Number of protein chains: 2
Amino acid sequence: MQRLIFAVLASFVAAMLVGPILIPWLKKLKVGQTINDFGPRSHMRKQGTVTMGGLIFIPSAIVCAILFSVKGQTPKYDLWFLILTMLLFAAIGFLDDYIKVVRKRSEGLTPKQKLLPQILLGIAIAVFAYNSPYIGSKLRVPFSSLEWDLGWFYIPFTAFVIVAMVNSSNLLDGLDGLCAGSGMIDFAALALIALSMSVLPDGTTDNDLFNTAIFCASLCGALLGFLRFNTHPASVFMGDVGSFAIGGAMVAVAIVTRQMLILPIIAFTMVLASLSDLIQFAYFRISHGKRVFRMAPLQHHFELSGIPETRIVAMYDIVTAMMCLIALSGFVG
Amino acid sequence: MQRLIFAVLASFVAAMLVGPILIPWLKKLKVGQTINDFGPRSHMRKQGTVTMGGLIFIPSAIVCAILFSVKGQTPKYDLWFLILTMLLFAAIGFLDDYIKVVRKRSEGLTPKQKLLPQILLGIAIAVFAYNSPYIGSKLRVPFSSLEWDLGWFYIPFTAFVIVAMVNSSNLLDGLDGLCAGSGMIDFAALALIALSMSVLPDGTTDNDLFNTAIFCASLCGALLGFLRFNTHPASVFMGDVGSFAIGGAMVAVAIVTRQMLILPIIAFTMVLASLSDLIQFAYFRISHGKRVFRMAPLQHHFELSGIPETRIVAMYDIVTAMMCLIALSGFVG
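Peer 1: Hey, could you run me through the overall build of chain A in this one?
Peer 2: Broken down by element type, chain A carries 12 helices and two strands. Traced from its N-terminal end to its C-terminal end, chain A shows the element sequence α-α-α-α-β-β-α-α-α-α-α-α-α-α. For 333 residues, the compact-globule formula gives about 20 Å, and the C-alpha radius of gyration of chain A, at 19 Å, lands near that figure. Each principal axis of the C-alpha distribution contributes one length, and for chain A these read about 60 × 50 × 35 Å.

Peer 1: Please explain the relation of the copies chain A and chain B as it appears in this structure.
Peer 2: The relation between the two copies of this chain is a rotation about an axis and a shift parallel to it. Rotating chain A by 180° and translating it 0.0 Å along the rotation axis places it on chain B, where the RMSD comes to 0.0 Å. Both chain copies can therefore be described as sitting about a two-fold axis. Among all residues of chain A, the one whose C-alpha sits closest to the rotation axis is Thr-310 of chain A, at a distance of 3.9 Å. Looking at chain A, 100% of its interface residues are interface residues in chain B too, so the copies touch through the same face.

Peer 1: Can you walk me through the pattern of salt bridges in this structure?
Peer 2: Side chains that carry opposite charge are capable of pairing whenever their charged atoms lie near each other. According to the stated counting rule, one finds 12 salt bridges over all chains in the structure shown. Note that Asp-96 of chain A is salt-bridged to Lys-114 of chain A, the shortest N-O span being 3.4 Å. Placement of the pair is Asp-96 of chain A in helix 3 (residues 78-103) and Lys-114 of chain A in helix 4 (residues 111-131), with a sequence separation of 18 residues. In this structure, Asp-96 of chain A and Lys-114 of chain A share a single accessibility class: buried. One salt bridge in this structure joins Lys-114 of chain B and Asp-240 of chain B, with 3.4 Å as the shortest N-O distance. Here Lys-114 of chain B, found in helix 4 (residues 111-131), pairs with Asp-240 of chain B, found in helix 8 (residues 239-256); they are 126 residues apart in sequence, far enough to count as distant. As far as burial versus exposure is concerned, Lys-114 of chain B and Asp-240 of chain B are alike and both buried. Several salt bridges converge on common partners, so that one network encompasses Asp-96, Lys-100, Lys-114 and Asp-240 of chain A.

Peer 1: So what exactly am I meant to see when it comes to the packing of helix 4 of chain B against helix 5 (residues 154-172) of chain B here?
Peer 2: Each packed pair of helices is defined by two parameters, the angle between the axes and the distance between the axes. All names here are of chain B. Between helix 4 and helix 5, the shortest axis-to-axis distance is 8 Å and the interhelical angle comes to 135°. Considering their axes alone, helix 4 and helix 5 lie oblique with respect to each other. Regarding helix 4 and helix 5, the two cross each other, and that crossing is right-handed. On helix 5, the residues that touch Lys-114, Leu-115, Gln-118, Ile-119, Gly-122, Ile-123, Ile-125, Ala-126, Val-127, Ala-129 and Tyr-130 of helix 4 are Tyr-154, Ile-155, Thr-158, Ala-159, Ile-162, Val-163, Val-166, Asn-167 and Asn-170. Of the residues that constitute the contact of helix 4 with helix 5, the class distribution is 14 nonpolar, five polar and one charged.

Peer 1: For this particular structure, what's the right way to read the nonpolar core?
Peer 2: Looking at soluble globular proteins, one finds that nonpolar side chains tend to be buried together. Ranked by internal contacts, the top residues of the largest apolar core, which has 211 residues, are Phe-187 and Phe-215 of chain A together with Phe-187 and Phe-215 of chain B. Those residues in contact with Phe-215 of chain A that sit more than four places away from it in its chain are Ala-65, Leu-79, Leu-82, Ile-83, Met-86, Ala-249 and Val-253 of chain A.

Peer 1: Help me understand the environment of Ala-327 of chain B, please; the structure alone is not making it clear to me.
Peer 2: Residue and element names in this part refer to chain B. Looking at the element boundaries, Ala-327 is found in helix 12 (residues 309-328). What makes Ala-327 buried here is its relative accessible area of 0%. With 301 residues separating them in the primary sequence, Ala-327 and Leu-26 have C-alpha atoms 38 Å apart. Sequence-distant contacts of Ala-327, that is, excluding residues within four places in its chain, are made with Phe-143, Ile-262, Ile-265 and Ile-266.

Reading the values: rules and limits
- Along each chain, numbering runs from 1 in the same order as the chain's sequence is written.
- To read the labels, note that chains go from A and ligands from 1, taken in the order they are written.
- At least 70 in pLDDT is required for a residue's local features to be given in this predicted model, at least 80 for side-chain atom pairs to be given and counted, and no such filter applies to totals for whole chains, interfaces and linings, which use all residues.
- As a rule here, side-chain values come from all non-hydrogen atoms in the structure, and water together with hydrogens is ignored.
- Helix and strand definitions follow DSSP, with helices as H or I runs of at least four residues and strands as E runs of at least two, each counted in order from the N terminus.
- Only C-alpha atoms enter the radius of gyration, while the globule expectation follows 2.2 Å times N to the 0.38, with N the number of residues.
- Copies overlap after least-squares fitting; the atoms used are the C-alpha atoms of residues with pLDDT of at least 70 in both.
- What makes two residues a contact is simply this: any of their non-hydrogen atoms within 4.5 Å.
- A pairing counts as a salt bridge when a side-chain nitrogen of Lys or Arg comes within 4 Å of a carboxyl oxygen of Asp or Glu.
- When accessible area is computed with a 1.4 Å probe and restricted to protein chains, residues below 20% of their type maximum are described as buried, those above 50% as exposed, and intermediate ones as partly exposed.
- Here an axis means a line fitted to C-alpha atoms, over the contact stretch when the element is a helix, while the angle between two N-to-C directions is reported on a 0 to 180 degree scale.
- Angle categories are assigned with fixed cut-offs, so that under 35 degrees is roughly parallel, over 145 is roughly antiparallel, 65 to 115 is roughly perpendicular, and the rest are oblique.
- In this scheme the crossing of two helices becomes right-handed for a clockwise turn of the near helix relative to the far one and left-handed for an anticlockwise turn of less than a right angle.
- Polarity classes work like this: nonpolar for Ala, Val, Leu, Ile, Met, Phe, Trp, Tyr, Cys and Pro, charged for Asp, Glu, Lys and Arg, and polar for all others, with Gly in that last group.
- By nonpolar core we mean a set of buried residues, namely Ala, Val, Leu, Ile, Met, Phe, Trp, Tyr and Cys, connected to one another through side-chain atoms within 4.5 Å.

Next up, the structure:
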């Protein structure tokens, strides 16, 4: 537990140190976000703020996760699986950001170009997890001690969850401190869940689950450090490299802990962003042009309803904290 | 632990429900804050925002603390001591707010009128604690298993800590969400500290310490609910009734857990507000009119240095979280 706290502190300090080095460098490279034409008009003032801030917290989190992880007992794979999954999705996001910056094309990759590597990667990870003797096709059922064996259906289900989660995290990004704040709280909750799972019935510790907790704690600290630069008024955005990494890391943790079914509670605000987007799109199609929300994802609807950005972010943080507490209540005696 | 989470959730919901009832009512009574002439000029826009928001989270926290506390075993006193201390300081703050509102005198009570009841109350509480068979004159030394017996010196020391803490909390109040945010994180940390102390070496639970944890958790949840209305741009301020209650509750928890020596770490930002105020005042006197900070307490110095209010509050929250994690690291294995 102490180790977990030190991991948070260290990765926080790391991100605080990387920020002031990276941000001026990104500015010099003119890695400014070309603000998407689809966002609310008030976002035009954000034109020029540098993006790719994910590069601040991703390396900070990885270095601290490795430094504070427990060695000794033969490691199965968990930490490397987590780091690799996060990095692969970060790479897709990086490519998207890079194209936005270089080509000055606000949308970056086309939706198809974004989705195809995600789906392929999702399937690959799902197949790997299904065949791994340490993961397999059984999911834990939240708020119970039951396990649910999905059989071969585990593969399409997991691939779907991966792609959905990564895109949800990406959709939540858009207001200063929103995705980083929600992500920070989510990883704090996941760290505590993995920690409580790492204590085995016989009192010994499962090192792999403990290292998963360390990974989550490192991300939590790094995101807190990143928030120092990302809170309203943001001096850097996380970019797709950041939001894809958050979504990828979150789903990777859910896979190794077999807690995918609790993700909709923990990542509630991210799921909300996706769902509102889907509802908007579907209704627009069905009704031939009518809208449910003033703008999707939901956070922009609130913005256009006149709620100040900082208030929306606070509301989302509060809701995230509450949902995480509800999820946690299933893990403590 | 589950009980603790439910206390947070319930008091959060309670505060969320009380807010929309109380705020319009305060508005109707014209309980607007007359903005202090001594604050930064930009604060003039805050003129008219209702105050006395402490009345939202104080009853929410008390009701939930009572509801979720453990009965059974003969209770010593802890919960009632905590509630009473908080209420008495809240009453002094209420009086101050009331005079501000009714007399439209921005300063409320004069410093002497404020300080005298605080000192008297502080001494009374210190004497009570000193003579209590359950508290006594021994303090726990942070990051060690040592105890430090202060003897009769416990009384002036504790009275000083009480008055200092209550005024520090009051001085930190001034930016939207600042005192409530710091307080919320502090009480979360204190809840975990009391919880870890409540598990006795023989594996049984000390109900009084557990109820102290419940009290902290209830305050944490209620403050989170209050933040819904208090975040920038705030629709209600906590007022002296709120900040005195927070300071009073915090020091009361430190007294019953005998953890007064860890308060400067947990309540670091509050102590910072006090210290910067003292330094400013002392230097002003010594140098015949020079200033160390552009304005004291420190948070206003940052404001006048051009850092946006939301950014300062985020910085303070982050620093509070880090200091609390450091304090917590002394309580976990």
